[in-house]
Amino acid sequence: AQFSSYVERLSQFSQALEEVIKQPENLSTIKTIEENQFSFEDVTLQTPDYEQVIVENLSLSVQPGQGLLIVGPSGRGKSSLLRAIAGLWNAGTGRLVRPPLEEVLFLPQRPYIILGTLREQLLYPNRNQETNEIRLREVLQEVNLQNLLNRVNSFDTEEPWENILSLGEQQRLAFARVLITRPSFTILDEATSALDLNNEENLYRQLQKTHTTFISVGHRESLFNYHQWVLELSSNSHWQLLTVEEYRRQKAKEIINISVDNSQARLEDLPNQETEVNPKINSAKEPPPESPTTTILTEVEEGLSHAQMKELSDYSLSSIRSKASQGKSITGKDGLTYRYDKDPKILKWLRV
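Residues numbered from 1 in each chain as written. Predicted model: local features only at pLDDT ≥ 70, side-chain atom pairs only at ≥ 80, totals over all residues. Heavy atoms only, no water.

1. Considering the overall build of the protein chain
Heads up, the condition is: Strands here are runs of E lasting at least two residues and helices are runs of H or I lasting at least four, both read from the DSSP assignment and numbered beginning at the N terminus. With a 1.4 Å probe rolled over the protein chains alone, any residue whose accessible area is under 20% of its type maximum counts as buried; one over 50% counts as exposed, and the rest are partly exposed. Between two residues, a contact is recorded if the distance between any of their heavy atoms is within 4.5 Å. To be clear on the numbers: accessible area is Shrake-Rupley with a 1.4 Å probe, and residue cover counts the displayed protein chains and nothing else.
When its secondary structure is counted, the protein chain shows 12 helices and 13 strands. Burial statistics for the protein chain: of 352 residues in total, 39% are counted as buried. If you take every contact in the protein chain between residues at least 6 apart in sequence, the share linking residues at least 24 apart comes to 62%. When the accessible area of the protein chain is evaluated, it comes to approximately 20,600 Å², of which 48% is carbon and sulfur surface.

2. So, helix α4 (residues 133–142)
What counts, and what does not: The arc in question is formed by the directions pointing from the helix axis toward the C-beta atoms.
For α4, the complete set of buried residues consists of L136, V139 and L140. Angularly, the buried residues of α4 cover 100° about the axis, an arc narrow enough to put them on a single face.

3. Structural notes on the sheet that holds strand β12 (residues 337–341)
Here is the rule: Pairs of strands are assigned from DSSP output, requiring at least two bridges between the strands. Fitted lines through C-alpha atoms give the axes, limited to the stretch in contact for helices. The angle between two N-to-C directions lies from 0 to 180 degrees.
Spatial strand order, β11-β12-β13: three strands in an open sheet with antiparallel pairing. Among the strands making up the open sheet, the edge pair consists of β11 (330–331) and β13 (348–351). Where β11 meets β12, two bridges bridge the pair, whose relative direction is antiparallel. Bridge pairing in β12 links I330 to Y338. Running over the sheet, helix α12 (residues 317–326) touches β11, β12 and β13 and is turned about 75° from β13.

4. As for the packing of helix α6 (residues 167–181) against helix α7 (residues 197–209)
Operational definition: Geometric relationships in this document are graded by angle, where less than 35 degrees denotes roughly parallel, more than 145 denotes roughly antiparallel, 65 to 115 denotes roughly perpendicular, and other angles denote oblique. Crossing handedness: left-handed means the near helix sits turned counterclockwise from the far one by under a right angle, and right-handed means the same turn made clockwise. For this scheme, ten residues count as nonpolar: Ala, Val, Leu, Ile, Met, Phe, Trp, Tyr, Cys and Pro. Four count as charged, namely Asp, Glu, Lys and Arg, and the remainder, Gly too, count as polar.
Contact pair α6 / α7: the axes reach a minimum separation of 10 Å and the direction vectors enclose 15°. By the angle class used here, α6 and α7 are roughly parallel. The hand of the α6/α7 crossing is left-handed. Only N199, L203, Q206 and L207 of α7 make contact with α6, whose side of the interface consists of R172, F175, V178 and L179. Taken together, the residues of the contact of α6 with α7 sort by class into five nonpolar, two polar and one charged.

5. Looking at a nonpolar patch on the surface
Test applied: The patch calculation keeps residues exceeding 30% relative accessible area without a salt bridge and links them within 9 Å when they carry like charges or within 5 Å when they are nonpolar (Val, Leu, Ile, Met, Phe, Trp, Tyr). Salt bridges are defined by distance alone: a side-chain nitrogen of Lys or Arg within 4 Å of a carboxyl oxygen of Asp or Glu.
A contiguous nonpolar surface patch, about 340 Å² in accessible area, is contributed by F3, Y6 and V7. Within the secondary structure layout, V7 lies in helix α1 (residues 2–21). Look at V7 and you get partly exposed, because its relative accessible area is 42%.

6. Re the environment of N126
Tracing the chain through its elements places N126 in the loop between α3 (118–123) and α4. Assessed through its relative accessible area of 38%, N126 is described here as partly exposed. Taking the C-alpha atoms as reference points, N126 and R177, separated by 51 residues in sequence, lie 9.4 Å from one another.

7. Things to note about the packing of aromatic side chains
Rule in force here: For Phe, Tyr and Trp, rings pair up if their centres lie within 6.5 Å, where Trp contributes its six-membered ring, and each pair is then called stacked (planes under 30 degrees apart), edge-to-face (over 60) or tilted (otherwise).
Counting across every chain of the model gives seven aromatic pairs. With a centroid separation of 5.0 Å and 10° between ring planes, the pair formed by Y204 and Y226 is classed as stacked. On the criterion of sequence distance, the pair formed by Y204 in helix α7 and Y226 in the loop between β8 (213–217) and β9 (229–233) is long-range, its members being 22 residues apart. Between the aromatic rings of F224 and Y247, the centroid separation amounts to 5.3 Å while the plane-to-plane angle is 40°, which identifies the pairing as tilted. Note that F224 is positioned in the loop between β8 and β9 and Y247 in helix α8 (residues 244–268), a separation of 23 residues in sequence.

8. A few points about the confidence of the model for the protein chain
This is how the line gets drawn: Residue-level confidence of the predictor, termed pLDDT, takes values from 0 up to 100.
On average, residues of the protein chain score 84 in pLDDT, and 86% of them reach the 70 mark or higher. Below pLDDT 50 for its whole length, residues 273–301 participates in 25 contacts with residues either more than four positions away or in separate chains.

9. Describing the packing of α4 against α6
For the pair α4 and α6, interaxial distance at closest approach is 9 Å and the crossing angle is 135°. In terms of orientation, α4 lies oblique with respect to α6. When the axes of α4 and α6 are compared, the crossing they make is right-handed. Touching R135, L136, V139 and E142 of α4 are A176, L179 and I180, all from α6. Classifying every residue of the contact of α4 with α6 by side-chain character gives five nonpolar, no polar and two charged.

Here it is, written out as structure tokens:
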């Protein structure tokens, strides 16, 4: 009776799969071309039910050895593009040019942990390749997992790895696979989300040394340091492709515009000073009170160091350095906004 229930469930599952893989009639699909490159040619990607357009008329090419970072608010289709690359979603129009999937290594946010030995974990997906233990030890050192061997007997030890490795260790293990396999193309979907910035920087530096072409999805500002191009997905299936430098400048301008708009809005809420000015001040011909507009986008001469900004804000020292290099502003605990002046004669955080 138990076996019969299993067979019934498997039969229903098989029928469901057949329904899913049936090509819908009179509906267009994205044509996939296998070549040794990544490019989207006028691709419009839709959800499998064809009810929603995720991205429209996308055209771009990722050059060999370079990195593309896909950003945008949650639900805008970042992971959906990766599904299209993997061949899981093909509803839409246009051409997707990509290498054969056996030349691509996917690193999801939660890595796939197999049952087997430590050696097999590191060699996955090519568990039969010959790699000596010296090289395996070097790779563990490169991804900051050198202490892992202290917790197991050898590379041939079998353990419930998903239970004994934290998510951060699993993500570093996934990068170890990249360093051993050295694929021509790598796809990373929030692959460093559980890591601190130092480990993230180390892993991406190691990845760049392999000269692989990689596409990343992520939210962290630190990821801009390791990519040359940014693809931003926005509402209404819109998108834009910019260099990292152009994208940073664009966002800096948006921050300034928002700050000015907010300041102007606050000023409009202030009482009319012409009608409420103190008559005693006017009669004595003393200067009127300082107008709040004099504090808008006016930088003071004295500046603050990174360490002083750390005490004044909730950011770590590394985050402060990152924001300084990117030209981003910081709002301190005092409610004021500070921006780093890169002038060699200043090199300080100035109040805005």
